[in-house]
Amino acid sequence: MNRNLWILIISQIFSFTPGPINVFLSGIVGTQLAVNKSFATIPTALLIVGTASFSFFAAKIMSIIGRKKGFLLSSFFTSFSSLIAAYSIHIGSFYLFCLSCFLIGNGMAFTHQYRFAAVENTEKEFIPKILSFLMLVSIFAALIGPNVANQTINLIPDSIYAGSYISLAGLTFVPFILLWFYQSDHKPAVKTEYVGRGYLELIFQPRFLQAMVSAALGYAIMSLLMTATPISMHVLHDFTLNDTKLVIQFHVIGMFLPSLFTGYFLKKFGHSKIIYTGIFIYFVVIVLSYLDQTFINYLISLILLGVGWNFLYLAGTGLLVLSYKEEEKFRAQGINDIIVFSIQALGSLSAGYILNTLSWKSLNMIVFPFLIIMLLVSIRADLSKK
């Protein structure tokens, strides 16, 4: 652990607060602002769409200006976009709120590069541990974000929830201060001919595909169920806002707390076995979610959903960084993130429509085919030995 790593770790905590805050509130705000309640989860989805659509550009921009300037730009932009969200709630504009969530997502595209920056600041043999630790401390984003947002809901008189996004602006500005102490070794790139593999060759390499599919579908399934949960609990089944917040918080804790031992498991058992374990946990989640809609069932299902995501995402990320060459890193990272977050966005976008058109049980059953796809891609990669 060096100074750069500590700065990245602490900065990531605050940079990741838009995620849990938006999962907690944007669907509820959407219900409040949207004329058609089926559109309530669109703001949540647009944050992910914003991340997906800008992921490639975030990687490209960082390859030109470096990690430090990229993260500084992201912090300022996300903070400003959060203020736009607060203003949109104040004037009651659903469309402006949707735009602000999309812009926050653009900033989050840079935030997801923290894991690659951390890898670049450590030795190869410590990569699984560093990735796990980076994920573990993100639990503080789950604790800080929703609690601060909940405490500041009524900060602006007659504009419920606007204060939450003002507080988000403050939280996401913290890295802007910290990152001035980050020591960047970035040098302006000398224009040379690219000698790495093409996009299709990278994507269809069995191990790269396994890493990308595990992260992408794991993220999409988690996003689909997580996005729908606040609507299902608070709007459709009349659970209190506090109960809904607790389920989301414990879900996010489930996402990050397993990182205490995921790094060890990755090193001991290998990436594929952890991916298979994550798939199995998702099967258990679907069965539990299908049984009944009680508070305890929501709580247990969402915690397990977080654990399964942790295994799939960490294993996928760890496998990804081992599947490309140094000269390919920005290309590989960019194409991986745009595919991962694009598929995640589709899951989040469809959550509100499926939930309002069908049911919570139907939403869970739709997930099964995607678990089979993940399983088959991993088996193919293991059989290929590449």
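Parameters and conventions
Residues numbered from 1 in each chain as written. Predicted model: local features only at pLDDT ≥ 70, side-chain atom pairs only at ≥ 80, totals over all residues. Heavy atoms only, no water. Helix = DSSP H or I, 4+ residues; strand = E, 2+ residues; numbered from the N terminus. Rg over C-alpha atoms; globule rule 2.2 N^0.38 Å. Buried < 20%, exposed > 50% of the residue type's maximum accessible area, 1.4 Å probe, protein only. Contact = heavy atoms within 4.5 Å. Areas by Shrake-Rupley, 256 points an atom, 1.4 Å probe, with all protein chains shown as cover. Lys, Arg positive; Asp, Glu negative; His and termini not counted. Charge placed at Lys NZ, Arg CZ, Asp CG, Glu CD. Salt bridge = Lys/Arg side-chain N within 4 Å of Asp/Glu carboxyl O. Axes fitted to C-alpha atoms, helices over the stretch in contact; angles between N-to-C directions. Parallel < 35°, antiparallel > 145°, perpendicular 65-115°, else oblique. Left-handed = near helix turned anticlockwise from the far one by under 90°. Nonpolar A, V, L, I, M, F, W, Y, C, P; charged D, E, K, R; others polar. Expected span 1.5 Å × (residues − 1). Bend = angle between axes of the 7 residues up to and from the residue. Core = buried A, V, L, I, M, F, W, Y, C linked by side-chain atoms within 4.5 Å. pLDDT = per-residue confidence, 0-100. Phe/Tyr/Trp six-rings, centres within 6.5 Å; stacked < 30°, edge-to-face > 60°. Polar contact = N/O pair within 3.5 Å; in protein donor to acceptor, adjacent residues only side chain to side chain. Disulfide = S-S within 2.5 Å.

J.: Tell me about the overall build of the protein, and please be specific about residues and values.
T.: Along the protein, the regular secondary structure elements total 18 helices and zero strands. Rg of the C-alpha trace for the protein: 20 Å, near the compact-globule value of 21 Å for 386 residues, within the 12% margin. Along the first, second and third principal axes, the C-alpha atoms of the protein reach 55 × 45 × 35 Å. Expressed as a percentage of its 386 residues, the buried residues of the protein come to 60%. If you take every contact in the protein between residues at least 6 apart in sequence, the share linking residues at least 24 apart comes to 85%. Accessible area for the protein stands at about 15800 Å²; split by element, carbon and sulfur atoms hold 70% of it. Here the protein carries 24 positive and 15 negative side-chain charges, and the mean point of each set is 5 Å from the other.

J.: Kindly report on the pattern of salt bridges, identifying the contributing residues and their values.
T.: Summed over all chains, the structure comprises one salt bridge. Across the pair D382 and R207 runs a salt bridge whose closest N-O atoms are separated by 2.9 Å. Here D382, found in helix α18 (residues 368-384), pairs with R207, found in helix α11 (residues 206-236); they are 175 residues apart in sequence, far enough to count as distant. On the accessibility criterion, R207 (19% relative accessible area) is buried.

J.: Kindly report on the packing of helix α2 (residues 18-33) against helix α5 (residues 94-111), identifying the contributing residues and their values.
T.: At their nearest, the axes of α2 and α5 sit 11 Å apart, and the two run at 165 degrees to each other. Considered as vectors, α2 and α5 are oriented roughly antiparallel to each other. Considering the relative orientation of α2 and α5, their crossing is left-handed. Of the residues in α5, those touching α2 at P18, G19, N22, S26, V29, G30 and L33 are F94, F97, C101, I104 and M108. Residues belonging to the contact of α2 with α5 are distributed by class as follows: eight nonpolar, four polar and no charged.

J.: Describe helix α3 (residues 42-65), listing the residues and the values that go with them.
T.: Residues separated by three or four positions in an α-helix point in the same direction, a consequence of the helix having 3.6 residues per turn. Under the 1.5 Å per step criterion, the end-to-end length of α3 is 32 Å for 24 residues, consistent within 8% with the ideal 34 Å. Maximal helix bending in α3 amounts to about 50 degrees, located at F54. Count one or two residues on from α3 and you reach G66, which has phi positive near 95 degrees.

J.: Explain the environment of I343 to me, using residue names and the numbers behind them.
T.: Structurally, the position occupied by I343 is in helix α16 (residues 329-357). Sequence-wise, I343 and V174 are 169 residues apart; in three dimensions their C-alpha atoms are separated by 30 Å. When neighbours within four sequence positions are excluded, I343 is seen to be in contact with A216, L217 and A220.

J.: I'd like a description of unusual backbone geometry, backed by residues and values.
T.: A negative phi angle is the norm for most residues apart from glycine, just as the trans form is the norm for most peptide bonds. Positioned with a positive phi, D158 is a non-glycine residue whose angle comes to about 65 degrees. Within the secondary structure layout, D158 lies in the loop between α8 (139-151) and α9 (162-178). A positive phi is found at Y161, a non-glycine position, where the angle reads about 85 degrees. Here Y161 lies in the loop between α8 and α9.

J.: Tell me about the nonpolar core, and name the residues and values.
T.: Core analysis: the largest hydrophobic core is formed by 72 residues, its most contacted members being M222, Y282, W309 and M374. No other element matches the 17 residues that α11 contributes to this core. Leaving out residues up to four positions away in the same chain, M374 has contacts with V213, S214, L217, G218, I221, I279, Y282 and L312. Within the second largest apolar cluster, 50 residues are counted, among which are L5, V137, Y161 and Y182.

J.: Before we move on, could you go through the confidence of the model for the protein and cite the residues and values that matter?
T.: As a general rule, the predicted coordinates of low-pLDDT regions are not to be interpreted in detail. Here the protein shows a mean pLDDT of 84. Residues at 70 or above account for 95%. Taken element by element, the protein is modelled with least confidence in helix α10 (residues 199-203), mean pLDDT 74, and with most confidence in α9, mean pLDDT 94.

J.: Explain the packing of aromatic side chains to me, and be specific about the residues and the numbers.
T.: Between two aromatic rings, the relevant description is the distance of the centres plus the angle of the planes. According to the stated counting rule, one finds 18 aromatic pairs in the structure shown. Judged by centre distance (5.4 Å) and plane angle (55 degrees), the ring pair of Y298 and W360 falls under tilted. Residue Y298 is found in helix α15 (residues 295-320), and its partner W360 is found in helix α17 (residues 360-365); the two are separated by 62 residues along the sequence. The two residues Y298 and W360 agree in class, both being buried. Taken together, the ring pairs in this structure connect F76, F173, F176 and W180 into an aromatic cluster.

J.: Describe α11, with residues and values.
T.: Helix length check: α11, at 31 residues, gives a terminal C-alpha distance of 42 Å against a target of 45 Å (1.5 Å per residue), a fit within 8%. Its maximal kink placed at A228, α11 deviates by approximately 30 degrees, while the proline P230 follows within four residues. For α11, a buried count of 28 out of 31 residues is recorded, marking the element as mostly surrounded by other parts of the structure.

J.: Break down the environment of N22 for me, citing the residues and quoting the values.
T.: One can find N22 in helix α2. Put simply, N22 and G347 are 325 residues apart on the chain and 15 Å apart in space, counted from C-alpha to C-alpha. If we ignore the near neighbours within four places in the chain, the residues touching N22 are G27, T44, L47, C101, Y165 and L168. Of the polar contacts made by the side chain of N22, one reaches the side chain of Y165; its length is 3.4 Å.

J.: Go over the state of the cysteines with me, naming the residues and quoting the values.
T.: Summed over all chains, the structure comprises zero disulfides. Left unpaired, C98 is separated from the closest cysteine sulfur, that of C101, by 6.7 Å.

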